[in-house]
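# Summary of structural features
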Amino acid sequence: AAYYSADIGTFIKIASALVGLGAATTALELFLSATLSLSGFAVRAVEEIAKLGLLWAFLRAGGLGIREVLLAAVGAAAAAFFFAGVVAFRRYHLLFRGVAAAEGSSLRRIVASYGGWVYSRYAFSKAYKGLTAWLIKFYLNTEAVALWAIAFNLTSLIESVFPVGM
């Protein structure tokens, strides 16, 4: 208790709203990107613009502390969720307005026609991922496998920090 004030409970309650809003917004973004809508890219821009606007409003209103920054983050996440929800709702109705339910199960037919490609691609990617380390060990030695693993993990870390692939 010596390192934080009594307001920590309030801060945690405010920040906990970010978990649910972030997950729901990400789900809506996934729907928008799956339906090839460019609005999926705009969701995070709306969030950042709303965050900037709220921070500016709090700054003009008299002060900018931890509570105000957290409230701005939650408000911006809510604005992004609202934007994504409205766009996804419109997109959903546009795409599925005239679609009627089919008789029987069409999933079996889809899996039979495309499932083999999906499963074989998954199996080959898993086999290749494990095969690389074994090939390095076979042709070189265990130290080379360790160096390869370190380089691979550092590359993955860098890719997760910087938005390279979008």
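## What about the overall build of the protein?
Summing up its helical and strand segments, the protein has five helices and zero strands in all. When its helices and strands are written in sequence order, the protein yields α-α-α-α-α. Against the globule reference of 15 Å for 166 residues, the protein gives a C-alpha radius of gyration of 24 Å, more extended than a compact globule. Within the protein, the fraction of its 166 residues that count as buried is 17%. By element, 71% of the accessible surface of the protein is carried by carbon and sulfur atoms, the whole surface being about 13,000 Å². If the 14 positive side-chain charges of the protein are averaged to one point and the 8 negative ones to another, these points end up 9 Å apart.

## Quick word on the pattern of salt bridges
Overall, the coordinates contain four salt bridges when judged by the stated rule. Glu-68 is the partner of Arg-67 in a salt bridge, and the nearest nitrogen-oxygen pair spans 3.7 Å. In this structure Arg-67 comes out as partly exposed when scored by relative accessible area, which is 43%. Three or more residues joined by partner-sharing salt bridges are found here, namely Glu-29, Arg-44 and Glu-47.

## Topic: the nonpolar core
Ranked by size, the top nonpolar core spans seven residues in total: Leu-28, Leu-32, Val-43, Ala-80, Ala-84, Val-87 and Ala-88. Counting residues per element, the ones that place at least two in this core are helix H1 (8–34) and helix H3 (66–96). The element that contributes the greatest number of residues to this core is H3, accounting for four residues. Every residue in contact with Ala-88, bar those within four places of it in the chain, is listed here: Leu-28, Phe-31 and Leu-32. Among the nonpolar cores identified, the runner-up in size contains six residues, and Ile-14, Leu-21, Leu-70 and Ala-77 belong to it.

Conventions and cut-offs
Residues numbered from 1 in each chain as written. Predicted model: local features only at pLDDT ≥ 70, side-chain atom pairs only at ≥ 80, totals over all residues. Heavy atoms only, no water. Helix = DSSP H or I, 4+ residues; strand = E, 2+ residues; numbered from the N terminus. Rg over C-alpha atoms; globule rule 2.2 N^0.38 Å. Buried < 20%, exposed > 50% of the residue type's maximum accessible area, 1.4 Å probe, protein only. Areas by Shrake-Rupley, 256 points an atom, 1.4 Å probe, with all protein chains shown as cover. Lys, Arg positive; Asp, Glu negative; His and termini not counted. Charge placed at Lys NZ, Arg CZ, Asp CG, Glu CD. Salt bridge = Lys/Arg side-chain N within 4 Å of Asp/Glu carboxyl O. Core = buried A, V, L, I, M, F, W, Y, C linked by side-chain atoms within 4.5 Å. Contact = heavy atoms within 4.5 Å.

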